[in-house]
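Here's the letter readout for the chains.
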Amino acid sequence: MLDVKIVRENTARVEESLRKRNYDLSILDRFLKIENERRELLRLIEGKREQRNKVSQEIAKLKREKKDVLSFLAEAKNISDFIAEKEERLKILEEEARQELLIIPNIPHESVPVGKNETENVEIRKWGIPKKLDCAPLNHWDIAAMLDIIDFDRASKIAGARFSLMKGMGAKLERALMNFMLDLNTSKGYKETLPPLLVNRESMTGTGQLPKFEMELFKTADPEFYLIPTAEVPVTNIHRDEILNESELPIYYTAYTPCFRREAGSYGKDTRGLIRQHQFNKVEIVKFVKPEDSYDELEKLTNDAEDILQRLDLPYRVIALCTGDLGFSSAKTYDIEVWLPGQQKYREISSCSNFEDFQARRANIRFKREGKKGTEFVHTINGSALAIGRTVVAILENYQQKDGSVMIPEALRKYMGVEVIR
RNA sequence: GGAGAGGUGGCCGAGCAGGUCGAAGGCGGCGGUUUGCUAAACCGUUGUAGGGGCCAAAACCUCUACCCAGGGUUCGAAUCCCUGCCUCUCCGCCA
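Keep in mind it's a predicted model, so treat the numbers as computed, not measured.

Asks: What should I look at first to understand the overall build of chain A in this one?
Replies: What chain A contains, in helices and strands, is 13 helices and 15 strands. For chain A, with 422 residues in total, the buried portion stands at 50%. In chain A, once contacts between residues fewer than 6 apart in sequence are set aside, the share between residues at least 24 apart is 73%. Entry remark: accessible area of chain A is about 20,700 Å², with carbon and sulfur atoms responsible for 49%. If the 68 positive side-chain charges of chain A are averaged to one point and the 69 negative ones to another, these points end up 1 Å apart.

Now the structure itself:
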C-alpha cells in the first residue's frame, strides 16, 4: 500500500509509476475522487463533533450544579442526528478509498529498467558454463521416469493434474535439498522458522496477495483459511502490527514450507513435469531492514540465493525485471534463472524483491529509532533460496549421464548418502 | 465438543454503580540534579493517526478519532447491551 500523502500530494509520481507498469490510470483517478470527497466530509463531521462535545460538557456541568438541562438536550440530539446521517456516507467512502488504495501497485525503484513485458528484462550477470553433456539431453520427467523417482500418473490419481509423487531417491533428494539450503541459510544468520501453512485474510492482505489476487489462492471453506502460496506470507506477518527496536534490525529469517498455488490462467503452460505445480516445496529467506539499508540488503540476499546454485555447480543468470514485468508489491526484483539442458533455456528458480515500505505499511510493521520520536515503517525483502522442485529439475537435467543415471552434486552427497542415482 | 476467565498506552496494570478519562500507578525511554566512574536516589518529561492555525519545513497551539473488532442504547460509552475474533485454564476427543 502506498502512503496516502504521496498519492495525494505527489500524484505525478504515481501516475508515472502506473504508466511504466502498463496499468490503467483510471484506478488513480477513482481513488482521488473518493479520497477528496472523504476528506471534505470528514472536516464537516469533525466540526459537528466538536459542537456536540461542547454541549455535552455543558450538560454535565449543569447537572452537577443541579440545574435544568432540557433545552440543551434537544440541541445535542439534533447535532447527533445530523452526525449519524453523515457518518453513514463517510463509512462508505472510507471503505471505498481503502479498497482503491489497496489495488494501486508499488512504485518501481529508479534503477528498474523501463519495459513493456518480460522480453525487456535485463540480464545483469551470468555464472557458470552449461556443461557439454555426452548425450542428447533429456527432459527431467523422462529421466525421473527411467529412475522411477517421480510418479506423475499416480499423483494425478491421488490428487489431480499438477501434483507429483516423489519416490525413493527422488523423495530423498527433495529432503536433502531442504536440509542443505536451510543449513546454508542459517549459517549466514537467517533464523530458521517453521510457520503455519494456512493463514487468515489479514496476513494475505498484509503481504499484498489480497484483495487483488484471490483467484490464485487455495482457500478452505469453514473455517476460512488461505493456503500460503509462499513462505513470504506467514514469515513477513510474524511482525505484523509490531513496533521493533532499531537495535533489533536487521532481522533475517529462513523457512522451509510447501507452497500452494491455483495457477489459474496458466493452462497449457508447463503442463508436464515439476516446473509448475499446485503444491511445491520452497525455502525462503526474508529480511526486515532499515530503509537506508534495503537496497544493499537486496543485493546481499540475492547473492545468498546465488550461493546455493554455485555450491551445487548449476549455471545460472541474474536478470532485473523491467517495470512491465515487476510484481504488484515489489519496488525492485531480481530473478535468478537456472540453466535447464532439457529445455535449452534458463528458467526462474528464485525471485528476490525489495518491497520497500509497501508491505510494511499494509501489515503495519514499524520500528523506532534510538532517541528519536515517532516510528517509521521497516523495509521488507525476500527471495527464494531456493524453489526445491525446480532445483530437482536442474540437478536431474544438468547432472544426467549417458547411461541414464544422475550424479549427485558434491555439496549434496553428505545429505544424500550416495554419489549417484541409478 | 463441554465449562469457565479474560482482551486497556512500548510493556505491566488500575479504572468498569456512564460525564472534568487519552485514561491512576509502576516499568522502560528521553532530559536534568547528584557523582572521580558506574550504580542508586531525586526532579521533569514521554501514545498513535488525521485535520486546522501558517500548505516551505521544524517547534508550538488547537480540533477530531482511537481503551480487541463491529453494531446498539444515550445529549454523552474504556465503562451498559448484542455479535464476532483472539488468548488462557479445566474436562473430553485426537496425530
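Asks: What is the right way to look at the layout of surface pockets in this model?
Replies: It is a probe the size of a water molecule, rolled over the atoms, that shows where empty space is left. The space that makes up the second largest pocket amounts to roughly 330 Å³. In terms of lining, the second largest pocket is formed by 15 residues, of which the most central are Arg 13, Ile 107, Pro 108, His 109 and Glu 356. If you tally residues by element for the lining of the second largest pocket, the top one is helix H2 (residues 11–20), at four residues. Class assignment for the residues of the lining of the second largest pocket results in four nonpolar, three polar and eight charged. Two domains each put at least three residues into the lining of the second largest pocket: domain 1 (4–101) and domain 2 (118–421).

Asks: Just to check I follow, could you spell out H2 for this structure?
Replies: Residues spaced three or four apart along an α-helix point in a common direction, a consequence of the helix completing one turn every 3.6 residues. When H2 is considered as a whole, its buried residues turn out to be Thr 11, Val 14, Ser 17 and Leu 18. One face of H2 carries all of its buried residues, which in axial projection span an arc of 120°. The first or second residue beyond H2 is Asn 22, which carries a positive phi of 65°.

Asks: Looking at this model, I keep getting lost on the packing of helix H7 (residues 169–187) against helix H12 (residues 388–398). Mind explaining?
Replies: Any two packed helices are characterised by how steeply their axes cross, that is the angle between the axes, and by the distance between the axes. One way to put it is that H7 packs onto H12 with a least axis distance of 10 Å and a crossing angle of 110°. Taken together, the axes of H7 and H12 are roughly perpendicular relative to one another. Here H7 runs over H12; the crossing is right-handed. Residues Leu 173, Glu 174, Leu 177, Met 178 and Met 181 of H7 lie in contact with H12, whose contacting residues are Ile 388, Gly 389, Thr 391, Val 392 and Ile 395. Residue composition of the contact of H7 with H12, grouped by class: seven nonpolar, two polar and one charged.

Asks: Explain the sheet that holds strand E6 (residues 251–260) here, please?
Replies: Working definition: the strands of a sheet are paired by backbone hydrogen bonds and lie parallel or antiparallel to each other. Read across the sheet, eight strands follow the order E1-E8-E9-E10-E13-E7-E6-E2 without closing on themselves; strand pairing throughout is mixed. One side of each edge strand has no neighbouring strand; the edge strands of this open sheet are strand E1 (122–127) and strand E2 (191–193). This sheet shows a mean twist of 25° between the axes of neighbouring strands, independent of strand direction. Of the strand pairs in this sheet, E1 and strand E8 (residues 316–320) are connected by five bridges, and their pairing is antiparallel. When the bridges of E8 are listed, Lys 126 appears paired with Arg 317. Across the sheet, H7 touches E2, E6, strand E7 (279–289) and strand E13 (379–387), and the angle it forms with E7 is around 5°.

Asks: Can you walk me through unusual backbone geometry in this structure?
Replies: What is expected of a backbone is that most residues other than glycine have negative phi and most peptide bonds are trans. Following Leu 210, the chain continues into Pro 211 via a peptide bond in cis, with omega recorded as 5°. In this structure, Pro 211 sits in the loop between helix H8 (201–207) and strand E4 (226–227). Note that the residue after Ala 385, namely Leu 386, is joined by a cis bond; omega there is -5°. The phi torsion at Asp 148 lies on the positive side, around 55°, for a residue other than glycine. Structurally, Asp 148 is set in the loop between helix H5 (140–147) and helix H6 (152–158). Asp 148 sits in the partly exposed class, given a relative accessible area of 47%. Here Glu 356, not a glycine, exhibits a phi torsion of approximately 50°, which is positive. Mapping Glu 356 onto the fold places it in strand E10 (residues 345–356).

Asks: Hey, could you run me through the confidence of the model for chain A in this one?
Replies: Fine structural detail should not be taken from predicted coordinates in areas where pLDDT scores are low. Looking at chain A as a whole, the pLDDT averages 92, with 100% of positions reaching at least 70. Scored by ipTM, the complex comes to 0.83, with pTM at 0.91.

Asks: Looking at this structure, I do not really get the pattern of salt bridges. What am I missing?
Replies: Opposite charge on two side chains permits them to pair, given that their charged atoms come into close proximity. Evaluation of the coordinates by the stated rule reveals 39 salt bridges. Among the salt bridges present, the one from Asp 307 reaches Arg 311, with a minimum N-O distance of 3.0 Å. Taken together, the residues span about one helical turn, with Asp 307 and Arg 311 both in helix H10 (residues 294–311) at a distance of four residues. Relative accessible area serves as the criterion here: at 44%, Arg 311 is assigned to the partly exposed category. With its nearest N and O atoms 3.1 Å apart, the salt bridge here joins Asp 357 to Arg 361. Through salt bridges that share partners, Glu 246, Lys 290, Glu 292, Arg 369 and Glu 376 make up one connected network.

Asks: Just checking my understanding: could you explain the protein's contact with RNA strand B for this structure?
Replies: Around RNA strand B, 20 residues are found, and the nearest of them are Arg 8, Arg 39, Lys 63, Arg 64 and Lys 91. The share of sugar and phosphate among atoms of RNA strand B within 4 Å of the protein is 63%. Between a base nitrogen of RNA strand B and a main-chain N or O atom of Ser 56, the distance comes to 3.2 Å. One nitrogen or oxygen atom from the side chain of Lys 91 is found 2.7 Å from a phosphate oxygen belonging to RNA strand B. The set of elements that each furnish at least two residues to the surface near RNA strand B consists of helix H1 (4–9), helix H3 (26–64) and helix H4 (70–102). Sorting elements by how many residues they give to the surface near RNA strand B places H3 first, with 11 residues. Residue composition of the surface near RNA strand B, grouped by class: five nonpolar, four polar and 11 charged.

Criteria and cut-off values
- Residues numbered from 1 in each chain as written.
- Chains lettered and ligands numbered in written order.
- Predicted model: local features only at pLDDT ≥ 70, side-chain atom pairs only at ≥ 80, totals over all residues.
- Heavy atoms only, no water.
- Helix = DSSP H or I, 4+ residues; strand = E, 2+ residues; numbered from the N terminus.
- Buried < 20%, exposed > 50% of the residue type's maximum accessible area, 1.4 Å probe, protein only.
- Contact = heavy atoms within 4.5 Å.
- Areas by Shrake-Rupley, 256 points an atom, 1.4 Å probe, with all protein chains shown as cover.
- Lys, Arg positive; Asp, Glu negative; His and termini not counted.
- Charge placed at Lys NZ, Arg CZ, Asp CG, Glu CD.
- 1 Å grid on protein atoms, 1.4 Å probe; cavity = no way out; pocket = protein on both sides within 12 Å on 5 of 7 lines; lining within 4 Å.
- Points joined across faces, edges and corners; volume = space filled by probe spheres on them.
- Nonpolar A, V, L, I, M, F, W, Y, C, P; charged D, E, K, R; others polar.
- Domains from an automatic or database assignment.
- Arc of directions from axis to C-beta.
- Axes fitted to C-alpha atoms, helices over the stretch in contact; angles between N-to-C directions.
- Parallel < 35°, antiparallel > 145°, perpendicular 65-115°, else oblique.
- Left-handed = near helix turned anticlockwise from the far one by under 90°.
- Pairing = 2+ DSSP bridges.
- pLDDT = per-residue confidence, 0-100.
- Salt bridge = Lys/Arg side-chain N within 4 Å of Asp/Glu carboxyl O.
- Near = heavy atom within 4 Å.
- Polar contact = N/O pair within 3.5 Å; in protein donor to acceptor, adjacent residues only side chain to side chain.

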